[in-house]
Amino acid sequence: AVWDEGGCEYRTSIYGGYKSERSSMDDCYGEARSYLNEILPEFKVASILMHGVEGDDIGYMLSRGINNSYLVSDDRDWMSMLKPGSILFRPTSKSSITWKDMVEGFGDNPIETYALYKSLRGDQSDSIPGINGIGEVKAKYIARAIMYGFNIPNSEMKLIYDNWDDGCKVCV
């Protein structure tokens, strides 16, 4: 289990608005985390928390060294941790995302393409603005086009260049 404590200093230094619209962690989360930290060792589950580092980042670092990982999170950022043999289970929707799903959606370099897609779309849950006028379908098309050398209409490129800001850089 990986946990957040405080803000992510690295991302906030890039974009001051990062997670700026979230309310502070409520007492219920802190109590639940304390309880889980006590009982998880009984189930041989490690619990990792680093001040100033997001649970996502800890999970990413750990997932790089583990083959056939089974990840559990509703956070779409965890899709960037997938690799061949790994599965991301999303508890709320009771759905799973695999490496094959990522390749089908984002091509042969799905993690890099997904990062570019996220920078175009932004991330509302993290208060990161996307590029105005670029929705999910267009963002996926543009990200794949950039990654795989397809032609992008000049009007689309102008939209990107005119509206790219520091918030987009956080996702890349």
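Residues numbered from 1 in each chain as written. Predicted model: local features only at pLDDT ≥ 70, side-chain atom pairs only at ≥ 80, totals over all residues. Heavy atoms only, no water.

With that out of the way, let us pick up the packing of helix H5 (residues 110–121) against helix H6 (residues 136–148). At a closest axis distance of 8 Å, the pairing of H5 and H6 adopts a crossing angle of 135°. It follows that H5 is oblique to H6 by the angle criterion. For H5 against H6, the interelement crossing comes out right-handed. Where H5 approaches H6, its residues Pro110, Glu112, Thr113, Leu116, Tyr117, Leu120 and Arg121 are matched on the opposing element by Glu136, Ala139, Lys140, Ile142, Ala143, Arg144, Ile146, Met147 and Tyr148. Considering only residue class, the contact of H5 with H6 consists of 10 nonpolar, one polar and five charged. (Axes fitted to C-alpha atoms, helices over the stretch in contact; angles between N-to-C directions. Helix = DSSP H or I, 4+ residues; strand = E, 2+ residues; numbered from the N terminus. Parallel < 35°, antiparallel > 145°, perpendicular 65-115°, else oblique. Left-handed = near helix turned anticlockwise from the far one by under 90°. Contact = heavy atoms within 4.5 Å. Nonpolar A, V, L, I, M, F, W, Y, C, P; charged D, E, K, R; others polar.)

Further remarks concern the sheet that holds strand S5 (residues 95–98). Here we have three strands laid out as an open sheet, ordered S3-S4-S5, and mixed in their pairing. In the strand order of this sheet, the two ends are held by strand S3 (70–72) and S5, each with one partner. Averaged over all adjacent pairs, the angle separating strand axes in this sheet is 25°, with direction ignored. With three bridges connecting them, S3 and strand S4 (residues 87–90) associate as parallel partners. Opposite tyrosine 70, over in S4, you have isoleucine 87 as the bridge partner. (Pairing = 2+ DSSP bridges.)

Take the pairing of S4 next. Along S4, the buried face is formed by Leu88 and Arg90; none of Ile87 and Phe89, which line the opposite face, is buried. In terms of strand pairing, S4 meets S5 through four bridges, oriented antiparallel. Bridge pairing in S5 links leucine 88 to isoleucine 97. Between S4 and S5, which follow one another and run antiparallel, lie four residues, and lysine 94 among them has a positive phi close to 55°. (Buried < 20%, exposed > 50% of the residue type's maximum accessible area, 1.4 Å probe, protein only.)

That's the geometry; what it means functionally is another story.
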